[in-house]
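Chain by chain, the residues:
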Amino acid sequence: MFIVFANISGFEPSLTAFLLQHSNPALCIRQLKSMGLQGTHWGELELDDAWVPANHRIGGEGQGFTIFSNHFSFWRCAMAAAALGGAASAMDRAKDRLRNRQAF
């Protein structure tokens, strides 16, 4: 399942959140190669005339931005922790390399 944030046609411009099934025939998934952050998947979703049932809506119409903001409050902390962990690992590997390398 994917969480998709979209504007609803005919509704005042405001985001609404939906669950979209991976198997939806209107969904095209493209993987993007990322530099760094191995193990993290990057990609894009292309929707072509997708129909999503109303019971797949998360929250009410127009509440998507609030849901998105609340999610990213936690996501930012997780990304900061991942960056700090990656930096600590890089420093450890660099120290190991400097201690064990043969120069000249």
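The structure contained in this document is the topic of the report that follows.

Criteria and cut-off values
- Residues numbered from 1 in each chain as written.
- Predicted model: local features only at pLDDT ≥ 70, side-chain atom pairs only at ≥ 80, totals over all residues.
- Heavy atoms only, no water.
- Helix = DSSP H or I, 4+ residues; strand = E, 2+ residues; numbered from the N terminus.
- Expected span 1.5 Å × (residues − 1).
- Bend = angle between axes of the 7 residues up to and from the residue.
- Phe/Tyr/Trp six-rings, centres within 6.5 Å; stacked < 30°, edge-to-face > 60°.
- Buried < 20%, exposed > 50% of the residue type's maximum accessible area, 1.4 Å probe, protein only.
- Salt bridge = Lys/Arg side-chain N within 4 Å of Asp/Glu carboxyl O.
- 1 Å grid on protein atoms, 1.4 Å probe; cavity = no way out; pocket = protein on both sides within 12 Å on 5 of 7 lines; lining within 4 Å.
- Points joined across faces, edges and corners; volume = space filled by probe spheres on them.
- Nonpolar A, V, L, I, M, F, W, Y, C, P; charged D, E, K, R; others polar.
- Pairing = 2+ DSSP bridges.
- Contact = heavy atoms within 4.5 Å.
- Axes fitted to C-alpha atoms, helices over the stretch in contact; angles between N-to-C directions.

### With respect to helix H1 (residues 64–100)
Okay, so step 1: Taking 1.5 Å per residue, 37 residues should reach 54 Å; H1 reaches 53 Å between its end C-alpha atoms and fits that length.
Okay, so step 2: The axis of H1 is deflected most strongly, by about 25 degrees, at serine 73.

### Details of the packing of aromatic side chains
How two aromatic rings sit relative to each other is given by the distance of their centres and the angle of their planes.
Okay, so step 1: Throughout the structure, instances matching the rule amount to three aromatic pairs.
Okay, so step 2: Ring centres 4.5 Å apart and planes at 50 degrees place the aromatic pair phenylalanine 68 and phenylalanine 72 in the tilted group. Of this pair, phenylalanine 68 and phenylalanine 72 both sit in helix H1, four residues apart, which is roughly one turn of that helix.
Okay, so step 3: Phenylalanine 68 sits in the partly exposed class, given a relative accessible area of 31%.
Okay, so step 4: Geometrically, the ring pair formed by phenylalanine 72 and tryptophan 75 is edge-to-face, given 4.8 Å between the ring centres and 70 degrees between the ring planes.

### Remarks on the pattern of salt bridges
Okay, so step 1: Counted under the stated rule, the structure contains four salt bridges.
Okay, so step 2: Of the charged contacts, one joins arginine 57 and glutamate 61 as a salt bridge, the two residues approaching to 3.5 Å between their closest N and O atoms.
Okay, so step 3: The residue aspartate 92 makes a salt bridge to lysine 95 at a minimum N-O spacing of 3.7 Å. Highlighted residues: aspartate 92 and lysine 95, both in helix H1, separated by three residues, approximately one helical turn.
Okay, so step 4: Overall, the relative accessible area of 43% leaves aspartate 92 in the partly exposed class.
Okay, so step 5: For lysine 95, a relative accessible area of 40% corresponds to the partly exposed category.

### What about the layout of surface pockets?
Okay, so step 1: The space that makes up the largest pocket amounts to roughly 240 Å³.
Okay, so step 2: Among the secondary structure elements, those contributing two or more residues to the lining of the largest pocket are strand E1 (2–7) and strand E2 (15–20).
Okay, so step 3: Residues belonging to the lining of the largest pocket are distributed by class as follows: nine nonpolar, two polar and two charged.

### A few points about the sheet that holds E1
Okay, so step 1: As summarised here, the arrangement of the three strands in space is E1-E2-E5, forming an open sheet in which the pairing is antiparallel. The open sheet is flanked by E1 and strand E5 (57–58), the only strands paired with a single partner.
Okay, so step 2: Examined bridge by bridge, E2 and E5 share two bridges and lie antiparallel to one another. In the strand pairing of E5, phenylalanine 18 is matched with arginine 57.
Okay, so step 3: Packed onto the sheet, H1 meets E1, E2 and E5 and runs at close to 70 degrees relative to E2.

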